[in-house]
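# Architecture and fold: a report
Here are the chains, one letter per residue:
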Amino acid sequence: PNFWPWAQREPWTNGQIDPILIDGFNSIKAGQLQKAAESLDQIGPHLGQNLDKMYHIGLLMKQVGRTEDLKIVLEQAQRLYPTDQRVKTAVEHLS
């Protein structure tokens, strides 16, 4: 089941996701929220069931103002993976 707000396509590895995620955070630092949102939308469809990036993707979602989407992601992931520490950490720090 998909808990991300993007329709999922082919999953990418962390090695493919990380450079784009870093670009997104660098855009936030530079005050370029639209560019950060574009980075997020570039990797979003390729996250699959990647719980490793839940906190960082959630943080970027929060920083670009997608708080409603983030709330839904956290609720659904918590329901699907109630014992997963990565989900617990994201919920604890981003809720």
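Here is a short report on the structure shown in this document. All figures in this text were calculated on a predicted structure; none of them were measured in a lab.

### Let's talk about the pattern of salt bridges
Taken as a whole and assessed by the stated rule, the structure comprises 4 salt bridges. As a salt-bridge pair, Asp18 and Lys53 come within 2.6 Å of each other at their nearest N and O atoms. With Asp18 in helix 1 (residues 14-29) and Lys53 in the loop between helix 2 (33-43) and helix 3 (54-63), this pair connects stretches of sequence that are 35 residues apart. By relative accessible area, Lys53 is classed as buried at 12%. The salt bridge partner of Asp41 is Arg66, with a shortest N-O separation of 2.7 Å. With a gap of 25 residues between them, Asp41 in helix 2 and Arg66 in the loop between helix 3 and helix 4 (67-80) connect regions that are remote in the sequence. Of the residues examined, Arg66 reaches a relative accessible area of 21% and is grouped as partly exposed. By sharing partners, the salt bridges in this structure join Asp52, Asp84 and Arg86 into a single network.

About the criteria used
Residues numbered from 1 in each chain as written. Predicted model: local features only at pLDDT ≥ 70, side-chain atom pairs only at ≥ 80, totals over all residues. Heavy atoms only, no water. Salt bridge = Lys/Arg side-chain N within 4 Å of Asp/Glu carboxyl O. Helix = DSSP H or I, 4+ residues; strand = E, 2+ residues; numbered from the N terminus. Buried < 20%, exposed > 50% of the residue type's maximum accessible area, 1.4 Å probe, protein only.

These values are about where atoms sit, not about what they do.
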